There are 2 protein chains.
Amino acid sequence: MTQKYVYFFGGKQAEGKADMRNLLGGKGANLAEMVNIGIPVPAGFTITTEVCTGYYDNDKQWPAGLEDQIRDAIAKVEADMGSKFGDPKNPLLFAVRSGARVSMPGMMDTVLNLGLNDTTIKGLIENSNDERFAYDSYRRFLQMYGDVVMGLDHDLFEEIIQARKDKKGVELDTELDADDWKVVVEKFKALIKKETGSDFPTDPFEQLRGAINAVFESWFNPRAQRYRELNDIPHDWGTAVNVQAMVFGNMGPHPKTGKGSGSGVAFTRDPATGENVFYGEYLMNAQGEDVVAGIRTPLPLKTLKEDMPEIYKELDAIRHKLEEHYREMQDVEFTIQQGRLHMLQTRSGKRTATAAIRIAKEMVEEGLIDRDTALLRIDPLQLDHLLHPTIDPKTDAKVLGKALPASPGAAVGRVVFNAKDAEEWKSRNEAVLLVRTETSPDDIGGMDAAQGILTTRGGMTSHAAVVARGMGKPCVAGLESATIRYENKTITFQDGTVAKEGDWLTLNGTTGEVLLGKADLIEPEVTGDFALIEEWADEVRTLQIRTNADTPHDAEVARGFGAEGIGLCRTEHMFFGADRIRVVQQMILADSTDARKGALAKLLPMQKADFIGIFKAMQGLPVTIRLLDPPLHEFLPHSDEDMAKLAEAMGVGKEVVKEKAESLREMNPMLGHRGCRLGITYPEIYDMQVQAIFEAASELTKEGVTVIPEVMIPLIGTVKELTILKSNALKVAKNVMEKAGVEFEYHIGTMIEIPRACLLADEIAKVADFFSFGTNDLTQMGFGYSRDDAGKFLQAYLNQGILEKDPFQSLDQKGIGQLVEVGVERGRSTNAELGLGVCGEHGGDPDSIVFFHKVGLDYVSCSPYRVPIARLAAAQAQIKCPR
Amino acid sequence: MTQKYVYFFGGKQAEGKADMRNLLGGKGANLAEMVNIGIPVPAGFTITTEVCTGYYDNDKQWPAGLEDQIRDAIAKVEADMGSKFGDPKNPLLFAVRSGARVSMPGMMDTVLNLGLNDTTIKGLIENSNDERFAYDSYRRFLQMYGDVVMGLDHDLFEEIIQARKDKKGVELDTELDADDWKVVVEKFKALIKKETGSDFPTDPFEQLRGAINAVFESWFNPRAQRYRELNDIPHDWGTAVNVQAMVFGNMGPHPKTGKGSGSGVAFTRDPATGENVFYGEYLMNAQGEDVVAGIRTPLPLKTLKEDMPEIYKELDAIRHKLEEHYREMQDVEFTIQQGRLHMLQTRSGKRTATAAIRIAKEMVEEGLIDRDTALLRIDPLQLDHLLHPTIDPKTDAKVLGKALPASPGAAVGRVVFNAKDAEEWKSRNEAVLLVRTETSPDDIGGMDAAQGILTTRGGMTSHAAVVARGMGKPCVAGLESATIRYENKTITFQDGTVAKEGDWLTLNGTTGEVLLGKADLIEPEVTGDFALIEEWADEVRTLQIRTNADTPHDAEVARGFGAEGIGLCRTEHMFFGADRIRVVQQMILADSTDARKGALAKLLPMQKADFIGIFKAMQGLPVTIRLLDPPLHEFLPHSDEDMAKLAEAMGVGKEVVKEKAESLREMNPMLGHRGCRLGITYPEIYDMQVQAIFEAASELTKEGVTVIPEVMIPLIGTVKELTILKSNALKVAKNVMEKAGVEFEYHIGTMIEIPRACLLADEIAKVADFFSFGTNDLTQMGFGYSRDDAGKFLQAYLNQGILEKDPFQSLDQKGIGQLVEVGVERGRSTNAELGLGVCGEHGGDPDSIVFFHKVGLDYVSCSPYRVPIARLAAAQAQIKCPR
């Protein structure tokens, strides 16, 4: 028996159905499904995706039997439509469209009005009673076919039309009449003959063969290939081809006759708000593309209700039928031909985050879906839009450039070019944007003072981007097309626009756009539905969500967003505080252990106060505090001027500061003297921090506050590092608790962020209470990418499909994920009680969260503004992979 | 039945034997073995290592039965020696010594003359007829016992002796007579009473119990613990205790009487040359320690032959017996007591590399050992001494400091402080030493011009160290105790010595010492025996040895040393040549792909010439060429002055150079835009290199020269990088070969040096002809250590036992080794034909070579001067783990 290549749809019964998406593509499967549930769809047939893959496997030949099956299907369409393909009296015309498993909008080719030739045009004129319409359709067909199937340059056709318009002295296509189009049609045919050496095919089946092959060919056109690579769609899926009877929304007459024509698009609910109202637009006497093109302003559906109440009623009934059938908000296309409604497409509708939440919630209330389904319907990443102010899309501010959307949200402010100025202007109550080539830890104060940050170098995980996301502050990073001149305090954009210090700019951290002047902003709304959905998520998920927070304020924000503890409290940011950086520098410049201890003694009460604030904000929940991680040179100034100032403040010669800075300088600080390596070489630093942690915890415990400190030792690569540092920490901790006469629960664990640590996790787990995977550094070391420098090639890697995603944004599950898995397995193998979490940026990425759930982590930790996203993503993970 | 704790030796039969080393320790097992083969050994017994471990497991208690077994053994010794422990007339005295499985020289404690007290001393006086000797022995016993067993400070005893000498107005111990020692003995007893509150134990068995326990205790003294950590000796081995009858070499009378006494050490062959002659030294009327202490000059054995021919004959017979028995050169200790010879120790003797080779070879010729054994007898690392000039150990040059022995050999030269000066001075035929804080690729010319390199920063794998080893040039790295002032052109050493430009220094790259002035050098000798042993190694080994060579000269040197191809030819060093660096810079500064291609076109003939030279030197053997690896900024100047010069040479503004340098600058160049990432973003660079390789190969192939080029793409982390770059390379290669009309064997493969690449080796292997593990970078990324910066903490890590070895010198088999293993397994799983090698520094490290052999690599590649070492190490690997 020959394989089935062609699936008819039309009449009351289709050969396909919705769940045959892989074979028939999304469009074909849904057309079939609509037929099956009694919705009026112009008849047609779908050629399967298997034919497309076979086409490529077999030297672009059609399989035996395909032609017969197509001819059979045409006959069925003819029967259903009451017209005949190629018939001079009553010709059936086809639309030939692609349709892959997943939507690839605009990537592949389409041919409309297929079946027209000098004979059939006569029938079309007769049926439509509109010669202009018929010749316009004919010339459109020649133009599309010449371009798509015969490979002629689209411009050649446009030139002919333009010449005709010039001749007549008119500007618009609509000003050309039937005779004009007749002339154009002849010229098109001559053009095709001249350029290809052969006549335009008049045989309708030959036309169809060409169009089908052209759709197959378009599967491998460069933009479609590129799109698939970017969206992780396999090349071997292939596309289906939908051949469907043409219906015309531009066949007149006026709607009031009851026989009007028109085209429209509609959503079964409001895609912006989610409200359960019928939402759509249409145009009378127009084809589908006209509605989208925006030449005429479309009308709202309520006008249709008034003008063509019967049609509206039918459409509204279809709306309810589709929602009840698909149990999902649908986006439909329809055409009215001379008073008869035809549905051309249905698919899940795109919606805003607000709408997604409301629809999901209301569909549960309406009994259409269950809660799990509702939770799966919401894209966690989309929630981000609800957590930051956004730019009004109606703003008319000029776009000066577009770079990486490094930290979402909108920021409006006056431009300043260094951190000091940012702080100074802020103190005068000015809203500022910090503009830097790139930022460094020295700029933290300025970043904190700014509304948003713009850099001309660096990627999604550059210092600026990471810190900005941590702060929940908008950031556009790596605007390489702009040039900063610090000496003049200016930034010059690609179009030559220069912004001086004090000029207003707007940053759109969600899109990466930089706008001139002050754009209008929309304040974020966290509606009650949002909170409800998050509650549902909490009931489902098994993964705990903690937050990365360095200050009591961040801790409170995160707790408000539902964080269940702190997974990463970085102590180095505290060291940068204006009141303590000098003491830190004093410690670094100390020329003996005793002098260093002296400076540390001054830091102790400050650190203790930090921890008291954070412990209070998180009372009752665990707080993981990472001991000092960055290399010491990060705390020393870089410029000659700042070094001189520091020397003066310390009462030492400038060369002392310079020599120290020089001796600490590193070629690759990322792989240098940092993390626990500092703890080993300067044990007194970690001792002070542990003492501060336990003194703070003891004090609060006495006050009746429940505190669960977790001391986290960073950058462990060998078990002996942890053995030594844990024993040091225990000594200090026990001593403090003994003195205070209190006891409380505490843990001592480590970050697992070095590849070797994953490989030797079995050894390390024996001395650790918990592992927290530092997937940022693990990615840096596992890939050999410095996140500060990767911007130089990462975009090229994404463009060329070498990487599917930025591995700093979404965990590379295939590679770095293996390290995490090995770490989890081996860690648990020797310590069944081992706590397991992750505190890299990936803790807030939904795809990564699913992975962390699957490998069996106890928690993820993410920035405060990512907590609601993580809660939902964790629920989805549990629904998809119950554990 | 009680466990056996005590093993007697003496008379004709011992209870132990040589292969019981784990139970009896090395010393004890060999004493027993000597007894068994009829060599005269003073009787004694060994308490097993199990007793020591039991001692620590059981709260420092002796096991039941031990005391009885000791008392039984004492009785046997008494019977054998004809004297009695504690006997006032004829007292038996004991030496109590430690003895672990492996020698831990000087780490643990010893007590001699045990058994003396106020009663037994009388018997000793009578037997020796020498009161001074007896009291000297007594005071030595009190002193040792007081220190070792009773924990008194050694200095307290010395003060008493000094006081006595002061009183008598003499300087040397030998000037004190019997009466003096009697006084000292009384004062010692009083001191012990005062300090410990109890009398010195007079009961001999109590003395013995204390001494045995003290030896056990000394197993865990800090220096022994540290020694074990550094030498990877498990703490739970424990030490045995040897209790042996004392014999005295200082009991007179004159040798001519035939009843003389003396002590000596001897080697069964010359340990310096390996010649099969009896080599040793002795002192009459002296104890063992006097021979070593160097107070009197010892006599050569030939004097013994003349003075005590019978004793010499007996000793020489023992020499032959031991060699025939152990089939290994022995290092023995002997004592002659009143005309009777006693052997106190035998063990394998340490020897120079030259001696090791000669002895191994001659023992094969003599039929004592087979070739495999001979090969295992030579320490591959020791061969290094034969491959570089060395400093005459008799030199009296002052040592100014000691740092890392970064590249072996000796270098004498005049100090210069920058690369330019080095080249200038060299052009005037001056021998210079390049002294820098650290070196950079800019310094290559100067390093090449210098005799040796001294840096004050950086570790064993710093740029200076790696390049110096590659060049076979001595280097001392990281002399942090010295300070360089470039502005004055001086280096100031720790003791205040200042060396100015032009001053003579000597570097000992083998020990890390820096010497003042010109030390005397010994030229290296590669004897015929060396070559023969290497031939034997070649017959055995299965691992191929290639070399890392960037120039025809290096290639020739390596081939002379037996290299079987080039495993790593770095192309970047070629880019630094004086004639081409400007062109390279022109390429980097190019503002368009076309301009870049223009510069590359100029480089093409130069690169081609490079490859022709190398291919010729290696004809018939594979040559693996790594495409450009370092980040481009390495090729731009750093100083303002050099930038200005470059700008002038290029005819561009200085700011253009500065901006380019700034835009290329990286935070962590090690993890930045380098390796294949350059190939992806600037495909024209790799295209040029591949073209040069294949044009060179084509030209030589036409001339009849056999060329096997292997194109190696560095820093692959994803399979797509390799897919793209391999396809680019193939396109160029095929094009060149087609044009030239030739065909030859070639391979295209990749370095595996990124952790992720190991994990995804199965994917990558599908498109690679070979993998070459870059274990340097794999170590950097796997550990998170920058080799340029690790000096800051690596020494502390080694000191604290966190790392057992510098992982850049010897592969971390436990951690990084897992990555290599995974890479090998997964690579072979998808490509059975995959070639596998290693080209990191570890390719020349014997321990690492055994690992590479075991995991199944095809070859290792190392610097030219390591090739002979690698050949031997590979043979040993095959003997130990046949494959």
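For clarity, every value in this text was computed on a predicted model and none was experimentally measured. (Residues numbered from 1 in each chain as written. Chains lettered and ligands numbered in written order. Predicted model: local features only at pLDDT ≥ 70, side-chain atom pairs only at ≥ 80, totals over all residues. Heavy atoms only, no water.)

J.: How would you explain the overall build of chain A if you had to name every residue and give the values?
T.: Scanning chain A for helices and strands turns up 34 helices and 33 strands. The principal-axis extent of the C-alpha atoms belonging to chain A is close to 105 × 60 × 55 Å. Each of the 883 residues in chain A was classed as buried or not, and the buried ones make up 59%. In chain A, once contacts between residues fewer than 6 apart in sequence are set aside, the share between residues at least 24 apart is 68%. Carbon together with sulfur atoms contributes 48% to the accessible area of chain A, which is approximately 34,400 Å² in total. If the 100 positive side-chain charges of chain A are averaged to one point and the 131 negative ones to another, these points end up 1 Å apart. (Helix = DSSP H or I, 4+ residues; strand = E, 2+ residues; numbered from the N terminus. Buried < 20%, exposed > 50% of the residue type's maximum accessible area, 1.4 Å probe, protein only. Contact = heavy atoms within 4.5 Å. Areas by Shrake-Rupley, 256 points an atom, 1.4 Å probe, with all protein chains shown as cover. Lys, Arg positive; Asp, Glu negative; His and termini not counted. Charge placed at Lys NZ, Arg CZ, Asp CG, Glu CD.)

J.: Please set out unusual backbone geometry residue by residue, giving values where relevant.
T.: Residues and elements named next belong to chain A. With phi around 55°, Arg327 is a residue other than glycine that occupies positive phi space. Mapped onto the elements, Arg327 comes out in the loop between α12 (309–326) and β11 (330–337). Relative accessible area serves as the criterion here: at 39%, Arg327 is assigned to the partly exposed category.

J.: Outline the sheet that holds strand β15 (residues 404–407) of chain A, supporting the account with residue identities and numerical values.
T.: Residue and element names in this part refer to chain A. Pairing within the open sheet is mixed, and its eight strands lie in the order β14-β24-β23-β16-β17-β18-β19-β15. Of all strands in the sheet, those with a lone pairing partner are β14 (399–402) and β15, marking the two edges. Taking the axes of each pair of neighbouring strands and ignoring which way they run, one obtains an average angle of 30° across the sheet. Looking at chain direction, β14 and strand β24 (residues 513–516) are connected through three bridges and run antiparallel. Along β24, the bridge assignment pairs Gly401 with Val514. (Pairing = 2+ DSSP bridges. Axes fitted to C-alpha atoms, helices over the stretch in contact; angles between N-to-C directions.)

J.: Help me get a handle on the packing of helix α33 (residues 846–855) of chain B against helix α34 (residues 867–880) of chain B, residues and values and all.
T.: Residues and elements named next belong to chain B. Following both chains from N to C, one finds α33 and α34 inclined at 50°, their axes separated by 9 Å at the closest point. Regarding the angle of α33 to α34, the classification is oblique. Both α33 and α34 take part in a crossing whose hand is right-handed. For the pair formed by α33 and α34, the contact residues are Pro846, Ile849, Val850 and His853 on the first element and Ile869, Ala870, Ala873, Ala874, Ala877, Gln878 and Lys880 on the second. (Parallel < 35°, antiparallel > 145°, perpendicular 65-115°, else oblique. Left-handed = near helix turned anticlockwise from the far one by under 90°.)

J.: With reference to specific residues and values, describe the side chain of Asn250 of chain B.
T.: Along the chain, Asn250 of chain B falls in the loop between β7 (239–245) and β8 (262–267). Not counting the four nearest positions on each side in its chain, Asn250 of chain B is found in contact with Phe133, Ser261, Asn285, Ala286 and Gln287 of chain B.

J.: Quick one: what's the story with the packing of aromatic side chains, residue by residue and with numbers?
T.: Within this structure, the stated rule accounts for 47 aromatic pairs over all chains. Judged by centre distance (5.0 Å) and plane angle (55°), the rings of Phe85 of chain A and Phe94 of chain A are tilted. A relative accessible area of 0% means that Phe94 of chain A is categorised as buried. Centre to centre, the rings of Phe561 of chain A and Tyr865 of chain A are 5.6 Å apart; their planes meet at 65°, and the pair counts as edge-to-face. In this pair, Phe561 of chain A is assigned in the loop between α19 (552–560) and β27 (566–570) and Tyr865 of chain A in the loop between β33 (859–862) and α34 (867–880), connecting sequence segments 304 residues apart. Lying over the aromatic face of Trp219 of chain A, Arg228 of chain A brings its terminal NZ or CZ to 3.8 Å of the ring centre. When the ring centre of Trp425 of chain B is taken as origin, the NZ or CZ atom of Arg428 of chain B, which lies over that ring, is 5.0 Å away. (Phe/Tyr/Trp six-rings, centres within 6.5 Å; stacked < 30°, edge-to-face > 60°. Lys NZ or Arg CZ within 6 Å of the ring centre and 35° of its normal.)

J.: Outline the relation of the copies chain B and chain A, listing residues and values.
T.: With an RMSD of 0.2 Å, chain B superimposes on chain A once it is rotated by 180° and translated 0.1 Å along the axis. Between the two chains, the operation in question is that of a two-fold axis. Across chain B, the smallest distance between a C-alpha and the rotation axis is recorded for Asn668 of chain B, namely 2.2 Å. A shared binding surface is used by both copies, with 100% of the interface residues of chain B retained as interface residues in chain A. (Least-squares fit on C-alpha atoms with pLDDT ≥ 70 in both.)

J.: Break down the interface of chain B and chain A for me, with residues and values.
T.: In this complex, chain B contributes 53 residues to the contact, which on the side of chain A involves 53 residues. Together chain B and chain A conceal approximately 4,800 Å² of surface at their shared face, both sides included; 54% is due to carbon and sulfur atoms. Here chain B is connected to chain A by 10 salt bridges. Two residues, Glu763 of chain B and Lys814 of chain A, come together in a salt bridge whose shortest N-O distance is 2.5 Å. Across the chain B-chain A interface, the total number found is 38 residue pairs in polar contact (both at pLDDT 80 or more). (Buried area = accessible area lost by both parts, 1.4 Å probe. Salt bridge = Lys/Arg side-chain N within 4 Å of Asp/Glu carboxyl O. Polar contact = N/O pair within 3.5 Å; in protein donor to acceptor, adjacent residues only side chain to side chain.)

J.: Could you give me a rundown of the environment of Ile369 of chain A, with the residues and numbers involved?
T.: Residues and elements named next belong to chain A. With respect to the helices, strands and loops of the structure, Ile369 is situated in the loop between α13 (353–365) and α14 (371–377). Looking at Ile369, the relative accessible area reads 10%, which means it is buried. When the C-alpha atoms of Ile369 and Lys597 are compared, they prove to be 63 Å apart, with 228 residues separating the residues in sequence.

J.: An account of a negative patch on the surface is requested, with residue identities and associated values reported.
T.: On the surface, Asp153, Asp155, Glu158 and Glu159 of chain A cluster together into a negatively charged patch. Looking at the secondary structure, you find Asp155 of chain A in helix α6 (residues 154–168). (Patch = residues over 30% accessible without salt bridge, like charges linked within 9 Å, V, L, I, M, F, W, Y side chains within 5 Å.)

J.: Tell me what's going on with the sheet that holds strand β7 (residues 240–245) of chain A, and back it up with residues and numbers.
T.: Residues and elements named next belong to chain A. Spatially, five strands are ordered β1-β2-β7-β5-β6 in an open sheet, and the strand pairing comes out antiparallel. The two strands at the open ends of the sheet, each matched to only one other strand, are β1 (6–9) and β6 (110–114). Averaged over neighbouring strand pairs, the angle between their axes works out to 20° when direction is ignored. In terms of strand pairing, β1 meets strand β2 (residues 44–47) through four bridges, oriented antiparallel. Residue pairing across strands places Val6 opposite Ile47, the latter belonging to β2. Running over the sheet, helix α8 (residues 204–218) touches β2, β5 (94–99), β6 and β7 and is turned about 145° from β7.

J.: Describe the packing of helix α3 (residues 66–81) of chain B against helix α8 (residues 204–218) of chain B, and please don't skip the residues or the numbers.
T.: All names here are of chain B. Two elements in contact, α3 and α8, have axes separated by 12 Å at closest approach and are oriented at 115°. In the crossing of α3 with α8, the sense of the turn from one axis to the other is right-handed. On α8, the residues that touch Glu67, Ile70, Arg71 and Ile74 of α3 are Phe205, Leu208, Arg209 and Ile212. In the contact of α3 with α8, the residues fall into five nonpolar, no polar and three charged. (Nonpolar A, V, L, I, M, F, W, Y, C, P; charged D, E, K, R; others polar.)

J.: Kindly report on the pairing of β24 of chain A, identifying the contributing residues and their values.
T.: Strand direction decides the pairing type here: strand β23 (residues 504–508) of chain A and β24 of chain A, joined by four bridges, are antiparallel. Considered in β24 of chain A, the bridge of Asn508 of chain A is made with Glu513 of chain A.

J.: Lay out helix α33 (residues 846–855) of chain A with the relevant residues and their values.
T.: Residues and elements named next belong to chain A. In terms of burial, α33 is largely enclosed, as eight of its 10 residues are buried. Every buried residue belonging to α33 is among Pro846, Ser848, Ile849, Val850, Phe851, Phe852, His853 and Val855, and all of these are buried. Buried positions along α33 lie against α30 (775–783), α32 (816–830), β32 (835–838), β33 and α34. Trailing α33 by a residue or two, Gly856 shows a phi angle of about 95°, which is positive.

J.: Lay out the pattern of salt bridges with the relevant residues and their values.
T.: Side-chain pairs of opposite charge can arise where the charged atoms are in close proximity. Residue and element names in this part refer to chain A. With the rule as written, the count across this model stands at 121 salt bridges over all chains. The partner of Arg269 in a salt bridge is Glu366, with the nearest N and O atoms 2.5 Å apart. A residue pair is termed long-range when its members are at least 10 positions apart, and Arg269 in the loop between β8 (262–267) and β9 (279–284) and Glu366 in the loop between α13 and α14 qualify at 97 residues. Given a relative accessible area of 0%, Arg269 falls into the buried group. With a closest N to O distance of 3.7 Å, Arg457 and Glu438 form a salt bridge.

J.: Tell me about the environment of Thr239 of chain B, and please be specific about residues and values.
T.: Residue and element names in this part refer to chain B. With respect to the secondary-structure elements, Thr239 resides in strand β7. With relative accessibility at 0%, the residue Thr239 sits in the buried group. When the C-alpha positions of Thr239 and Gly823 are compared, they lie 41 Å apart, and in sequence the two are 584 residues distant. Among all residues touching Thr239, those that are not within four sequence positions of it are Thr48, Thr49, Cys52, Ser98, Gly99, Ala100, Met108, Val215, Phe216 and Trp219. Among the polar contacts made by the side chain of Thr239, one reaches the main-chain amide nitrogen of Gly99 at a distance of 3.0 Å.

J.: Can you explain the confidence of the model for chain A? Please cite residues and give values.
T.: Confidence along chain A averages 92 in pLDDT terms, with 97% of residues attaining 70 or more. The ipTM assigned to the predicted complex is 0.81, against a pTM of 0.82. (pLDDT = per-residue confidence, 0-100.)

J.: Let's hear about α34 of chain A: which residues, and what values?
T.: Think of an α-helix as 3.6 residues a turn; residues three or four steps apart then line up on the same face. All names here are of chain A. Under the 1.5 Å per step criterion, the end-to-end length of α34 is 20 Å for 14 residues, consistent within 8% with the ideal 20 Å. Counting buried positions over the 14 residues of α34 gives 12, a clear majority of the element. Residues of α34 that are buried: Val867, Pro868, Ile869, Ala870, Arg871, Leu872, Ala873, Ala874, Ala875, Gln876, Ala877 and Gln878. The secondary structure elements touched by the buried residues of α34 are α14, α18 (528–540), β26 (544–548), α19, α33 and β33. (Expected span 1.5 Å × (residues − 1).)

J.: Requested: an account of the state of the cysteines, with residues and values cited.
T.: Applying the stated rule across the entire model yields zero disulfides over all chains. Looking at Cys758 of chain A, it has no disulfide partner, and the nearest cysteine sulfur is the one in Cys839 of chain A, 12 Å off. Here Cys839 of chain B stays unpaired: no disulfide links it, and the sulfur of Cys862 of chain B, its closest cysteine neighbor, is 11 Å away. A relative accessible area of 5% means that Cys839 of chain B is categorised as buried. (Disulfide = S-S within 2.5 Å.)

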